[in-house]
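# Tertiary structure, described
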Number of protein chains: 2
Amino acid sequence: MTKIPLPGSPVRGSKSGAPVMALLDLLGRRWAMGVLWTLCQGGPATFRILQERCESISPAVLNSRLKELREANLVERTTEGYAATKLGQELFGHLEPLGAWAKIWGKSLAPHQDIV
Amino acid sequence: MTKIPLPGSPVRGSKSGAPVMALLDLLGRRWAMGVLWTLCQGGPATFRILQERCESISPAVLNSRLKELREANLVERTTEGYAATKLGQELFGHLEPLGAWAKIWGKSLAPHQDIV
DNA sequence: CTCAATGCTATCTTTTTCATAGCAAACTTG
DNA sequence: CAAGTTTGCTATGAAAAAGATAGCATTGAG
């Protein structure tokens with residue numbers, strides 16, 4: 001099984017397992033941020049609903065990411081399906097500003113590629 | 001060559017290429033955030049220095065990430081080597097708080113795994 | 001010219017991710 | 001309660017990405 005990056009043990013980018021490196025390793029996997037994002041933006045969701053919201057994630061990967069995020073205490077299962085934990089929402093709070101920033105970033109890039 | 005996610009064209013998680021999804025796709029690749037992080041924290045660096053700072057990145061991947069980050073206008077080459085652009089530093093500004101948050105996260109996880 | 005440092009490319013192996021199919025368990029319905 | 005649905009996930013094979021190493025073409029010193 002895939003190794004789950006948690007602070008305290010060696011992860012990619014840090015032999016000491018510095019918390020931020022463990023976090024970057026965890027979030028730097030396909031769909032990790034995307035799943036957290038859609039859970040926080042769209043609210044709790046069942047496995048299949050989550051699959052739909054993500055548009056193109058395969059069940060195997062979704063399952064892996066969910067396991068990792070749950071192990072990391074960022075996501076949990078509730079009667080409503082999967083949901084971000086308090087900690088997960090806190091993290092999302094830090095990620096959310098990226099939404100607005102991304103638009104500015106997109107505009108600054110536009111001159112080079114003619115976005116319609 | 002690897003496709004570089006930029007806002008405006010379809011990326012993983014969004015057929016419309018919503019800026020934030022393009023950003024998450026870009027950053028959700030191994031070492032993407034790590035490279036930006038070390039460039040912003042440690043200052044400009046040559047290819048090899050960057051390799052050392054990252055501890056375990058392979059040149060092929062570092063090269064890919066650098067290309068992507070440059071294409072995205074987050075990193076550029078200067079006389080001092082690679083450096084974060086103004087835009088890159090701005091993004092880092094949003095990412096940096098994760099460092100402190102990760103420590104809290106680590107503590108909340110500690111009870112479950114006895115960090116030394 | 002010789003030598004070392006720099007910036008990468010090549011190549012091969014291991015992991016991850018993707019794309020599908022499909023199954024077991026929990027619900028619904030009739 | 002039998003039959004059909006929905007849900008949550010596992011299985012499988014193929015493709016893409018990442019990791020580990022070796023090494024080559026410049027560049028700049030000496």
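Residues numbered from 1 in each chain as written. Chains lettered and ligands numbered in written order. Predicted model: local features only at pLDDT ≥ 70, side-chain atom pairs only at ≥ 80, totals over all residues. Heavy atoms only, no water.

Moving on to the relation of the copies chain B and chain A. Superposing chain B onto chain A takes a rotation of 180° combined with a translation of 0.0 Å along the rotation axis, leaving an RMSD of 0.0 Å. The superposition of one copy onto the other is thereby described by a two-fold rotation axis. Distance from the rotation axis, computed per C-alpha, reaches its smallest value in chain B at B:Gly28: 2.1 Å. Both copies contact each other with a shared surface, as 100% of the interface residues of chain B are interface residues in chain A too. (Least-squares fit on C-alpha atoms with pLDDT ≥ 70 in both. Contact = heavy atoms within 4.5 Å.)

The full count for this structure, using the stated rule, is 6 salt bridges over all chains. With its nearest N and O atoms 3.1 Å apart, the salt bridge here joins A:Arg29 to A:Glu68. Taken together, the residues span a long stretch of sequence, with A:Arg29 in the loop between α1 (19-27) and α2 (32-42) and A:Glu68 in helix α4 (residues 59-71) at a distance of 39 residues. Relative accessible area serves as the criterion here: at 10%, A:Arg29 is assigned to the buried category. The closest approach of N and O atoms between B:Arg29 and B:Asp25, which form a salt bridge, is 3.9 Å. For the residue pair B:Arg29 and B:Asp25, the accessibility class agrees, reading buried in each case. When salt bridges that share partners are traced, they join A:Asp25, A:Arg29, A:Arg65 and A:Glu68 into one network. (Salt bridge = Lys/Arg side-chain N within 4 Å of Asp/Glu carboxyl O. Helix = DSSP H or I, 4+ residues; strand = E, 2+ residues; numbered from the N terminus. Buried < 20%, exposed > 50% of the residue type's maximum accessible area, 1.4 Å probe, protein only.)

Taken together, the neighbourhood of DNA strand D is formed by 18 residues, with A:Phe47, A:Arg48, A:Asn63, A:Tyr82 and B:Arg65 sitting nearest. Taking A:Thr46, its side chain carries an N or O atom lying 3.4 Å from a phosphate oxygen of DNA strand D. Within the side chain of B:Arg30, one N or O atom sits 3.4 Å away from a sugar or linking oxygen of DNA strand D. Breaking the surface near DNA strand D down by element, the ones donating at least two residues are α3 (47-53) and α4 of chain A together with α4 (59-71) of chain B. A total of 3 residues in the surface near DNA strand D trace back to one element, the largest contributor, which is α4(B). (Near = heavy atom within 4 Å. Polar contact = N/O pair within 3.5 Å; in protein donor to acceptor, adjacent residues only side chain to side chain.)

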